[in-house]
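# Structure at a glance
One-letter residues, chain by chain:
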Amino acid sequence: MRTLTLGPESLALADRPTGTDYPLLPYGLSLDQAVAVYAHEVKAGDLLLVAFPDESGIRRAEHVPTPYRADPHALRDCPCEGCEECDDVDDWTLADHSRVADAGWRFVCLAPSEHGEDGEPCAIELRNQPVAVIPADVVAAAELAAKPSERRYRVMWSVDFEASSPQGAAQLAYEQLKTYATDAWPPELEITDEGGHLTVIDLYTTEQTEGDR
């Protein structure tokens, strides 16, 4: 458990729950990289992890099951085409947010409803509610580091053709290559990496053998 400080408050950041409903944080990120901010201070691209609602003066960490990249905006600018949270706000203000003078400045939408994969509604929070996020630049750096590095590979295939000239053999090879895009038997490819390590891949059987040149 960590303790985050936000103004005069100390916020207990409990360990993230485990289980299928709480997958690991992406890109190898961890709660050690989390910081506390008020909801209205969340920046675009921040990874929102936890909310600290006020419950009888005790703020308990409520972990977001699937953390999401924030896209904060004012209620009046919400691009949502309709969700449970926005419908509740509309019911409260009779679909005219200006009717309730403090609706606009008391709340902020941290992400529109399409942020989740399970049809989750807009993330509407009180502007001054503490939340825990991993800053956008930290997330971006971790995402970049998690990408597999690109290397240069030489891909070759070989087939014997009977022809009267090199040009004729090349034409036969070209015609066969074109058939691979339809229903012909896929070729066996020799992949050599920068270190000279050879991998032979049969695209039809997905089998591969390895060796060194």
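Scroll up to find the structure this text is about.
Take the overall build of the protein chain next. Along the backbone of the protein chain there are four helices and 14 strands. Taken over 213 residues, the protein chain has a buried fraction of 31%. Here the analysis covers contacts within the protein chain between residues at least 6 apart in sequence; of these, 55% occur between residues at least 24 apart. As displayed, the protein chain offers around 13900 Å² of accessible surface, 50% of which is attributable to carbon and sulfur atoms.

Alignment of strand E11 (residues 154-156) against strand E12 (residues 188-192), held across three bridges, turns out to be antiparallel. Residue pairing across strands places Met156 opposite Glu190, the latter belonging to E12. Where E12 lies against strand E13 (residues 197-202), five bridges are found, and the strand directions are antiparallel. The residue bridging Glu188 from the neighbouring strand is Asp202, located in E13. If you look at the hairpin formed by E12 and E13, you'll find four residues sitting between the two strands, and Gly196 has a positive phi there, around 85°.

Quantified by volume, the largest pocket comes out at close to 290 Å³. Along the walls of the largest pocket sit 15 residues, with Val64, Tyr68, Glu120, Ala123 and Glu125 positioned nearest its centre. Where the lining of the largest pocket is concerned, the elements lending two or more residues are strand E4 (47-51), strand E7 (62-69) and strand E9 (124-126). Per-element tally for the lining of the largest pocket: the top contributor is E7, with five residues. Its residues assigned to classes, the lining of the largest pocket shows nine nonpolar, two polar and four charged.

If the charged atoms of two oppositely charged side chains come close together, the side chains can form a pair. Scanning the model with the defined rule gives four salt bridges in all. Two residues, Lys178 and Glu175, come together in a salt bridge whose shortest N-O distance is 3.4 Å. Linking Lys178 with Glu175, this pair stays in helix H4 (residues 166-179), spanning three residues, or about one helical turn. Exposure remark for Lys178: the relative accessible area of 41% places this residue in the partly exposed category.

To continue, consider unusual backbone geometry. The residue Tyr27 is not glycine, and still its phi comes out positive at about 60°. Among the secondary structure elements, Tyr27 is positioned in the loop between strand E2 (9-13) and strand E3 (35-38).

This brings us to the environment of Gln33. Structurally, Gln33 is set in the loop between E2 and E3. Leave out the neighbours within four places in its chain, and Gln33 touches Arg2, Gly28, Val133, Ile134, Pro135 and Val138. Here the side chain of Gln33 touches Ser30 through a polar contact of 2.8 Å, landing on its backbone nitrogen.

Attention shifts here to the nonpolar core. By size, the foremost hydrophobic cluster in this structure holds 17 residues, and its most contacted members are Leu13, Leu29, Leu49 and Ile134. Elements represented by at least two residues in this core include exactly strand E1 (2-6), E2, E4, strand E10 (130-134) and helix H3 (136-146). Here the element with the most residues in this core is E4; it accounts for three residues. Leu49 has contacts with Leu25, Leu31, Ala34, Glu62, His63, Val64, Pro67, Ala132, Val133 and Ile134, leaving out every residue within four places of it along the chain. Core analysis: the second largest hydrophobic core is formed by 14 residues, Val42, Ala70, Ala111 and Val131 among them.

Analysis parameters
- Residues numbered from 1 in each chain as written.
- Predicted model: local features only at pLDDT ≥ 70, side-chain atom pairs only at ≥ 80, totals over all residues.
- Heavy atoms only, no water.
- Helix = DSSP H or I, 4+ residues; strand = E, 2+ residues; numbered from the N terminus.
- Buried < 20%, exposed > 50% of the residue type's maximum accessible area, 1.4 Å probe, protein only.
- Contact = heavy atoms within 4.5 Å.
- Areas by Shrake-Rupley, 256 points an atom, 1.4 Å probe, with all protein chains shown as cover.
- Pairing = 2+ DSSP bridges.
- 1 Å grid on protein atoms, 1.4 Å probe; cavity = no way out; pocket = protein on both sides within 12 Å on 5 of 7 lines; lining within 4 Å.
- Points joined across faces, edges and corners; volume = space filled by probe spheres on them.
- Nonpolar A, V, L, I, M, F, W, Y, C, P; charged D, E, K, R; others polar.
- Salt bridge = Lys/Arg side-chain N within 4 Å of Asp/Glu carboxyl O.
- Polar contact = N/O pair within 3.5 Å; in protein donor to acceptor, adjacent residues only side chain to side chain.
- Core = buried A, V, L, I, M, F, W, Y, C linked by side-chain atoms within 4.5 Å.

By themselves these figures say nothing about function.
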